[in-house]
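# Descriptive analysis of the structure
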Amino acid sequence: MGTFDDRSAHEFEDESLFSPQHGTKKAQPINPVENGLFPGDLPVILDKRFSRNSVLNSIKTVVFSNKLNLLMPFGPLAILVNTWPGHNGWVFFLCLLGITPLAERLGYATEQLAFYTGPTVGGLLNATFGNATELIISIYALRSGMIRVVQLSLLGSILSNMLLVLGCAFFCGGLVFHGKEQVFNKGTAVVNSGLLLMAVMGLLFPAVLQYTHTEVHAGTSELALSRFSSCIMLVAYAAYLVFQLKSQKDAYLPLSEQDGSPSGESSNDDDEAPEITKWESVIWLSIMTAWISFLSEYLVHAIEGASIAWNMPISFISVILLPIVGNAAEHASAIMFAMKDKLDISLGVAIGSSTQISMFGIPFCVVIGWMMGRSMDLNFQLFETATLFITVIVVAFFLQEGTSNYFKGLMLILCYLIVAASFFVHEDNKKGQCQSNEALGDQSAE
């Protein structure tokens, strides 16, 4: 037994001396002590290198992967030009260019975050952060006392989403899938149409109350009605969110996936993977929101100067130009999903965004203005309210069948061009703004 053990020991010793594994280990020795490192330092170094690479990859993906980001330097340039007096037109123009890629990247970060939250929450996130630009601009304008700009920019956001964004999504999706009609969840579209009509009701009554001169207390009943209606609309929107998240969890899923068909399974396999992590998405959302907030202040202060310099009505700038920039995220997302035959998500982004602005954004600004002592109301004047009412009716008719094609998209785009031309020749009624300022003066005097 002893000789066998000795022989076995020699054989194992020979194997250990001349085995390839041993040769590899001797060729690449790791001696942390000789290199001045302790065994616990190696994971820390690898952690730091991994974190540095992760940050660099995140910056490369978010900042340098899109050609539209070439417009980002125009933001700091606008701040520089603002130091020279008499250049409000250039400041406004450069701010528009600088905010455009930020709004698009805000939508990109939201889409990346939606990978980790599911389709329903993802659709709501897309609508929420897609409207962040308009809400930020509106709050800065409200703080500056520019109530009319707040009203017109929010109205323009609704019109842009319902006609331009949805129209482009239908048009591009119809061209890609020209051999068939694309379908979407008709029930979700009907619910959103109902909420939009409720918003029109909230905006219509204060305007009619003023123009019929039937207020019980002249100058105060309209404002009181607006604040009461805003609170009701906020409650209705909160109930809508609960309904979406609890009762309609599959509202943003394609119809094929809701039915459990094999095509739905194959579409899941084709889904893209997230390009950045969940926390990176949250951090980029915070950065983009902060930078948009900073530029929005310069943008708001330059609006009146730009209107004079360009000889262009403030109503056209507020209703058409501002929302096109603010809706860049929704525009890109809705078209992208429509071209992938995911019209339910496109509808959730475009119509869902309009619903959120009308049922949350506008009432929220009324309540915030109430807290600030600003007499922000729901009287958007008769011309603007009529435009919104007709737009909601037209879009509701287009959505009632639950199908889309490129012709429907083209018709919506042409309707938007008519609306844009109408506001270009429309002289805004200053009476509403003057009354708001007088009411504000009365409140401050009291």
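Preceding this paragraph is the structure being described.
The present account deals with the structure reproduced in this document. (Residues numbered from 1 in each chain as written. Predicted model: local features only at pLDDT ≥ 70, side-chain atom pairs only at ≥ 80, totals over all residues. Heavy atoms only, no water.)

## Re the overall build of the chain
As a reminder, the rule being used: Each helix is a run of DSSP H or I of at least 4 residues and each strand a run of E of at least 2, with the numbering of both proceeding from the N terminus. Here the term buried applies to any residue with accessible area under 20% of the maximum for its type, exposed to any over 50%, and partly exposed to those in between, with areas from a 1.4 Å probe on protein chains only. Residues count as neighbours in contact if any of their non-hydrogen atoms are within 4.5 Å of one another. Accessible surface area values rest on a Shrake-Rupley calculation with a 1.4 Å probe, where residue burial reflects the displayed protein chains alone.
A count of helical and extended segments in the chain gives 20 helices and two strands. Looking at the chain residue by residue over its 446 residues, the buried ones come to 48%. In the chain, 83% of the contacts between residues at least 6 apart in sequence involve partners at least 24 apart. Of the roughly 22200 Å² of accessible surface on the chain, a fraction of 67% belongs to carbon and sulfur atoms.

## Topic: the pattern of salt bridges
Test applied: Counted as salt bridges are all cases of a side-chain nitrogen of Lys or Arg within 4 Å of a carboxyl oxygen of Asp or Glu.
The tally for this structure, following the rule as stated, stands at five salt bridges. The salt bridge involving Glu 297 is made with Arg 143; its shortest N-O contact spans 3.7 Å. Taken together, the positions of Glu 297 in helix H13 (residues 278-301) and Arg 143 in helix H7 (residues 132-143) put the pair 154 residues apart, joining distant regions of the chain. Judged by its relative accessible area of 28%, Glu 297 is partly exposed. Of the residues examined, Arg 143 reaches a relative accessible area of 47% and is grouped as partly exposed. The shortest N-O distance in the salt bridge between Glu 384 and Arg 148 comes to 2.9 Å. Linking Glu 384 in helix H18 (residues 382-399) with Arg 148 in helix H8 (residues 147-176), this pair joins segments that are 236 residues apart in sequence.

## Observations regarding the packing of aromatic side chains
The line we're drawing: In summary, the pairing rule links any two rings of Phe, Tyr or Trp, Trp by its six-membered ring, whose centres are within 6.5 Å, and it sorts them by plane angle into stacked for under 30 degrees, edge-to-face for over 60 and tilted for everything else. Charge-over-ring placement is defined geometrically: NZ (Lys) or CZ (Arg) within 6 Å of the ring centre, and within 35 degrees of the ring normal.
Applying the stated criterion to the full structure yields ten aromatic pairs. Aromatic pair Phe 92 and Trp 310: ring centres 5.6 Å apart, planes at 75°, arrangement edge-to-face. A residue pair is termed long-range when its members are at least 10 positions apart, and Phe 92 in helix H5 (residues 88-114) and Trp 310 in helix H14 (residues 303-310) qualify at 218 residues. Residue classification places Trp 310 among the partly exposed positions, given a relative accessible area of 31%. With a centroid separation of 5.6 Å and 65° between ring planes, the pair formed by Phe 294 and Tyr 298 is classed as edge-to-face. A residue pair is termed a helical-turn pair when its members lie 3 or 4 positions apart in one helix, as Phe 294 and Tyr 298 do in helix H13 at four residues. The exposure class assigned to Phe 294 is partly exposed, which follows from its relative accessible area of 37%. In this structure, Arg 105 is placed above the aromatic ring of Tyr 108, and the distance from its NZ or CZ to the ring centre is 4.2 Å.

## Description of the nonpolar core
Which entries qualify depends on this criterion: In these notes, a set of buried Ala, Val, Leu, Ile, Met, Phe, Trp, Tyr and Cys residues joined through side-chain atoms within 4.5 Å is what counts as a nonpolar core.
Core analysis: the largest hydrophobic core is formed by 96 residues, its most contacted members being Phe 92, Leu 166 and Leu 399. For this core, the leading source of residues is H8, giving 16 residues. If we ignore the near neighbours within four places in the chain, the residues touching Phe 92 are Leu 299, Ala 302, Ile 303, Ala 306, Trp 310, Ile 317 and Leu 322.

## Things to note about a nonpolar patch on the surface
Stated precisely, the cut-off is as follows: In this analysis, a patch consists of residues with relative accessible area above 30% that form no salt bridge, clustered at 9 Å for like charges and at 5 Å for the nonpolar side chains Val, Leu, Ile, Met, Phe, Trp and Tyr.
Residues Leu 175, Tyr 406, Phe 407, Leu 410, Leu 414 and Leu 417 make up a contiguous nonpolar surface patch of about 570 Å² in total accessible area. If one sorts the elements of the nonpolar patch by residue count, helix H19 (residues 406-424) sits on top with five residues.

## Here's the deal with the state of the cysteines
Threshold: For this text, the term disulfide refers to a pair of cysteine sulfurs within 2.5 Å.
Following the criterion strictly, the structure yields zero disulfides and no others. Not part of a disulfide, Cys 168 finds its nearest cysteine sulfur in Cys 172, a span of 6.0 Å.

## What about unusual backbone geometry?
In this structure, His 213 is a non-glycine residue whose phi angle is positive, near 55°. A relative accessible area of 65% means that His 213 is categorised as exposed.

## Digging into the packing of H5 against H14
We apply this condition: Each axis is a line fitted through C-alpha atoms, taken for helices only over the stretch in contact, and angles between the N-to-C directions span 0 to 180 degrees. Should an angle fall under 35 degrees it is taken as roughly parallel, and over 145 as roughly antiparallel, whereas 65 to 115 is taken as roughly perpendicular and any remaining angle as oblique. For any helix crossing, the convention is left-handed if the near helix is rotated counterclockwise from the far helix by under a right angle, and right-handed if that rotation is clockwise. As a working rule, the residues Ala, Val, Leu, Ile, Met, Phe, Trp, Tyr, Cys and Pro are called nonpolar, Asp, Glu, Lys and Arg charged, and the rest polar, with Gly in that last group.
Between H5 and H14, the least distance of the axes is 7 Å, while the angle of their chain directions is 115°. Taken as axis vectors, H5 and H14 run roughly perpendicular relative to one another. Crossing hand, H5 versus H14: left-handed. Residues Asn 88, Gly 89, Phe 92 and Phe 93 of H5 form the contact with H14, whose own contacting residues are Ile 303, Gly 305, Ala 306, Ala 309 and Trp 310. Class assignment of the residues belonging to the contact of H5 with H14 gives a composition of six nonpolar, three polar and no charged.

## Overview of helix H17 (residues 343-372)
Which entries qualify depends on this criterion: Working rule for helices: expected span equals 1.5 Å times residues minus one. To get the bend at any residue, fit one axis to the seven residues that end at it and another to the seven that begin at it, then take the angle between the two axes.
For H17, spanning 30 residues, the distance from its first C-alpha to its last is 40 Å, which sits close to the expected 44 Å at 1.5 Å a residue. Helix geometry: H17 is bent most strongly at Ile 357, by close to 35°. With 25 of 30 residues buried, H17 lies mostly within the body of the structure. Gly 373, located one to two residues past H17, shows a positive phi value of around 85°.

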